[in-house]
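Listed below, chain by chain, are the residues.
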Amino acid sequence: MRRSSRLIVAVAALLLAALYVLPLWRIDLTAPQYPEGLGLRIRVDGITGRGPNDLASINNLNHYIGMQRIEPDAIPELRLMPWIAAGLIVIGLAAAASGRRGVLYAWLAALVIAAAAGLADFWRWGYDYGHNLDPSAAIKVPGMSYQPPLIGGKALLNFRAESWPDLGGLLAFAVVAAAAVVAVLEYRRAQRLRAGSPADQRLAVGTRAGELVA
């Protein structure tokens, strides 16, 4: 890889460390009786309320309609996600340090798989919480489920639920995009060098050797 590509990959990998501080996803609820709204923030290692009492308030509301309590300590994915993020950072830094396209492609694949698996698991989690209701709940609406939207807005009784990536999620998508752009550019560069003259190919070998030494 070119030095500029290796620098971009290194910076992008280090930016993933911000996921330990910034929330990945946000779910906000508004209703006439809650004009200021309630909110959840999904983080790499937990779920918190937007405000100090929001998580408790949402759990109390969920109790009346038969939804399970949201207990972050009982969600196994939240124990795995910090390690997955750490692994992605290490692979990205290895790609930048080695300058090898194969490691770059592996990092991009790992990023895409992690993002897709995270979104699928989030949808499954929302489905479980919104459909598996307690039949003895105080409020029962025949045929009603309360699954929040994966992305976008949705009416849930008299509440409006909005679900969007938060700062950490937007940053993660930006890292995936940066890795994809660098991978495509490096692949095209390699193809052009393979199709070039023998002198160009010798130059490419020398360039790669210089990059590995640098």
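Keep in mind the model is a prediction, meaning the values are calculated, not measured.

Rules of the game
- Residues numbered from 1 in each chain as written.
- Predicted model: local features only at pLDDT ≥ 70, side-chain atom pairs only at ≥ 80, totals over all residues.
- Heavy atoms only, no water.
- Helix = DSSP H or I, 4+ residues; strand = E, 2+ residues; numbered from the N terminus.
- Rg over C-alpha atoms; globule rule 2.2 N^0.38 Å.
- Buried < 20%, exposed > 50% of the residue type's maximum accessible area, 1.4 Å probe, protein only.
- Contact = heavy atoms within 4.5 Å.
- Areas by Shrake-Rupley, 256 points an atom, 1.4 Å probe, with all protein chains shown as cover.
- Lys, Arg positive; Asp, Glu negative; His and termini not counted.
- Charge placed at Lys NZ, Arg CZ, Asp CG, Glu CD.
- Phe/Tyr/Trp six-rings, centres within 6.5 Å; stacked < 30°, edge-to-face > 60°.
- Pairing = 2+ DSSP bridges.
- Patch = residues over 30% accessible without salt bridge, like charges linked within 9 Å, V, L, I, M, F, W, Y side chains within 5 Å.
- Salt bridge = Lys/Arg side-chain N within 4 Å of Asp/Glu carboxyl O.
- Axes fitted to C-alpha atoms, helices over the stretch in contact; angles between N-to-C directions.
- Parallel < 35°, antiparallel > 145°, perpendicular 65-115°, else oblique.
- Left-handed = near helix turned anticlockwise from the far one by under 90°.
- Nonpolar A, V, L, I, M, F, W, Y, C, P; charged D, E, K, R; others polar.

(A) Main features of the overall build of the protein chain. When its secondary structure is counted, the protein chain shows 6 helices and 5 strands. Here the C-alpha radius of gyration of the protein chain, 23 Å, is well above what a compact globule of 214 residues would show, namely 17 Å. With the C-alpha coordinates of the protein chain rotated into their principal frame, the extents come out at 80 × 30 × 30 Å. Looking at the protein chain residue by residue over its 214 residues, the buried ones come to 38%. Put simply, 62% of the contacts in the protein chain that link residues at least 6 apart link residues at least 24 apart. Accessible surface computed for the protein chain: about 11,800 Å², of which carbon and sulfur atoms make up 67%. Separation between the mean location of the 21 positive side-chain charges and that of the 15 negative ones in the protein chain comes to 14 Å.

(B) Main features of the packing of aromatic side chains. Inspection of the entire model under this criterion finds 5 aromatic pairs. Seen from their ring centres, F122 and W125 are 6.0 Å apart, and the 25 degrees between their planes marks the pair as stacked. Here the residue F122 and the residue W125 both occupy positions in helix α4 (residues 101-131), the gap between them amounting to 3 residues, near one helical turn. For F122, a relative accessible area of 13% translates into the label buried. On the basis of relative accessible area, W125 is assigned to the buried category, the value being 12%. An aromatic cluster is present here, built from W25, F122, W125 and Y129 joined pairwise through their rings.

(C) Inspection of the pairing of strand β4 (residues 152-156) at higher detail. With 5 bridges joining them, β4 and strand β5 (residues 159-165) adopt antiparallel strand pairing. Along β5, the bridge assignment pairs L156 with F159. Taking the residues between adjacent antiparallel strands as the criterion, β4 and β5 are bridged by 2 residues, where L157 takes a positive phi near 55 degrees.

(D) Just a nonpolar patch on the surface, in detail. Taken together, the side chains of Y64, I139, V141 and L157 present a nonpolar region at the surface, about 340 Å² in accessible area. Tracing the backbone through its elements, the reader meets Y64 in helix α2 (residues 54-65). When its relative accessible area of 46% is taken as the criterion, Y64 is described as partly exposed.

(E) Broad picture of the packing of helix α1 (residues 3-15) against helix α3 (residues 77-98). Put simply, α1 and α3 touch, their axes get as near as 8 Å, and they point 165 degrees apart. By the angle class used here, α1 and α3 are roughly antiparallel. When you trace α1 past α3, the crossing you get is left-handed. Residue-level inspection shows R6, V9, A10, A13 and L14 of α1 in contact with α3, the latter providing I89, G92, L93, A95, A96 and A97. In terms of residue class, the contact of α1 with α3 is made up of 9 nonpolar, 1 polar and 1 charged.

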